[in-house]
Amino acid sequence: MTRKTRLALPFLIALGTSAAPPLLAQGDLEQIESEGLARSEERRERQATVDALNTENRRLLEDYRGELRIVRGLEDYVAMLGQQLTAQDEEITALEQSIGDVAVIERQILPLLARMLDSLESFIRLDVPFLLPEREARVARLRAMLARSDVTTAEKARRVFEAYQVESDFGRTIEAYKAKIDPGGGSVDADMLRVGRVGLYYRTIGDGRLGYWNAEQGQWSPLPSSPYRRLVEQGLRVARQEIAPELVSIPLVPSEVERP
């Protein structure tokens with residue numbers, strides 16, 4: 001081996017020794033780069049997880065706030081229901097008191113209605129005898145109704161008051177109707193003229209006899225044809241609405257009664 005060769009060999013060895021570190025640094029760099037990329041991917045995954053958790057937290061927070069609003073609304077509703085229940089309890093108490101009062105009133109009003117019918121029946125019996133079958137039948141029906149359990153006390157009272165109103169209206173009206181009466185000598189059919197409840201006149205069907213109810217004597221009394229026939233017939237036509245209403249001059253108590 002020459003001197004040059006001997007000198008070159010250590011140089012080459014030294015050169016090879018000095019070139020090796022850069023090759024190792026390149027491998028480390030790639031490893032570091034790979035690890036950095038892995039860590040970056042891991043950070044992205046973690047950030048995605050954090051973002052998902054934040055989104056879920058926000059959703060849960062909104063759900064919680066919504067549920068909280070519902071709870072508050074329910075609390076307000078429960079409070080209102082409590083007020084309503086309190087008012088209903090007070091109303092129930094008042095109704096129970098009213099029911100007790102109604103029971104007392106019913107025990108008092110039924111005897112009162114019975115006494116009212118007694119008075120009405122006596123009044124009809126003492127009154128001018130017009131439409132007697134109809135009026136007496138009305139009182140009988142009302143008496144039977146008072147004993148019925150399927151009719152309310154309010155309805156019973158209404159019907160009795162209605163009967164009183166009907167009797168009261170008779171005093172303000174004029175009416176023509178047909179009836180059987182006994183003016184003396186047997187029952188006959190007659191055209192009846194009622195003027196309020198102060199005058200009741202008849203004209204027999206067939207022979208045309210005239211008469212009126214004599215309240216002082218409590219019986220039928222005859223009337224002469226003149227001038228009463230024209231007046232009674234005029235009153236009948238007015239009551240039947242066959243002519244226009246006009247003043248009818250019929251004495252309530254004729255001063256002199258002569259047979260026709």
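Cut-offs used in this document
- Residues numbered from 1 in each chain as written.
- Predicted model: local features only at pLDDT ≥ 70, side-chain atom pairs only at ≥ 80, totals over all residues.
- Heavy atoms only, no water.
- Helix = DSSP H or I, 4+ residues; strand = E, 2+ residues; numbered from the N terminus.
- Buried < 20%, exposed > 50% of the residue type's maximum accessible area, 1.4 Å probe, protein only.
- Contact = heavy atoms within 4.5 Å.
- Areas by Shrake-Rupley, 256 points an atom, 1.4 Å probe, with all protein chains shown as cover.
- Phe/Tyr/Trp six-rings, centres within 6.5 Å; stacked < 30°, edge-to-face > 60°.
- Lys NZ or Arg CZ within 6 Å of the ring centre and 35° of its normal.
- Polar contact = N/O pair within 3.5 Å; in protein donor to acceptor, adjacent residues only side chain to side chain.
- Core = buried A, V, L, I, M, F, W, Y, C linked by side-chain atoms within 4.5 Å.

Caption draft 1: Representation of the overall build of the chain in the model. A tally of helices and strands in the chain yields 4 helices and 5 strands. Counted from the first residue to the last, the chain has its helices and strands arranged as α-α-α-β-β-β-β-β-α. Within the chain, buried positions represent 23% of all 260 residues. Within the chain, contacts between residues at least 6 apart in sequence are counted, and of these 45% link residues at least 24 apart. Split by element, the accessible area of the chain, about 18400 Å² in all, is 58% carbon and sulfur.

Caption draft 2: How the structure looks around the packing of aromatic side chains. Inspection of every chain in the model, using the stated rule, returns 3 aromatic pairs. Between Trp213 and Trp220 the ring centres are 5.2 Å apart and the planes differ by 75 degrees, which places this aromatic pair in the edge-to-face class. Three or more aromatic residues link up through ring pairs in this structure, and these residues are Tyr202, Trp213 and Trp220. Arg135 extends its terminal NZ or CZ atom over the ring of Phe130, reaching a point 4.0 Å from the ring centre. The ring of Phe130 carries Arg194 above its face, with NZ or CZ at 5.1 Å from the centroid.

Caption draft 3: Examining the side chain of Glu167 more closely. As for its position among the elements, Glu167 is in helix H3 (residues 153-170). A relative accessible area of 4% places Glu167 in the buried class. A distance of 2.9 Å separates polar atoms of two side chains, one belonging to Glu167 and the other to Arg135. Excluding anything up to four places from it in sequence, Glu167 contacts Leu120, Phe123, Ile124, Arg135, Arg138 and Arg197.

Caption draft 4: Focus on the nonpolar core. In terms of nonpolar packing, the biggest core is built from 13 residues, with Leu113, Leu117, Leu120, Leu142 and Val160 touching the most fellow members. The set of elements that each furnish at least two residues to this core consists of helix H1 (3-126), helix H2 (132-146) and H3. Considering each element in turn, this core owes the most residues, 5 residues, to H1. Once residues within four sequence positions are removed from consideration, Leu117 is found in contact with Val139, Leu142, Arg143, Leu146 and Val160. Counting residues in hydrophobic clusters, the runner-up holds 11 residues, among them Val128, Phe170, Ile181 and Trp220.

Purely geometric numbers; function is a separate question.
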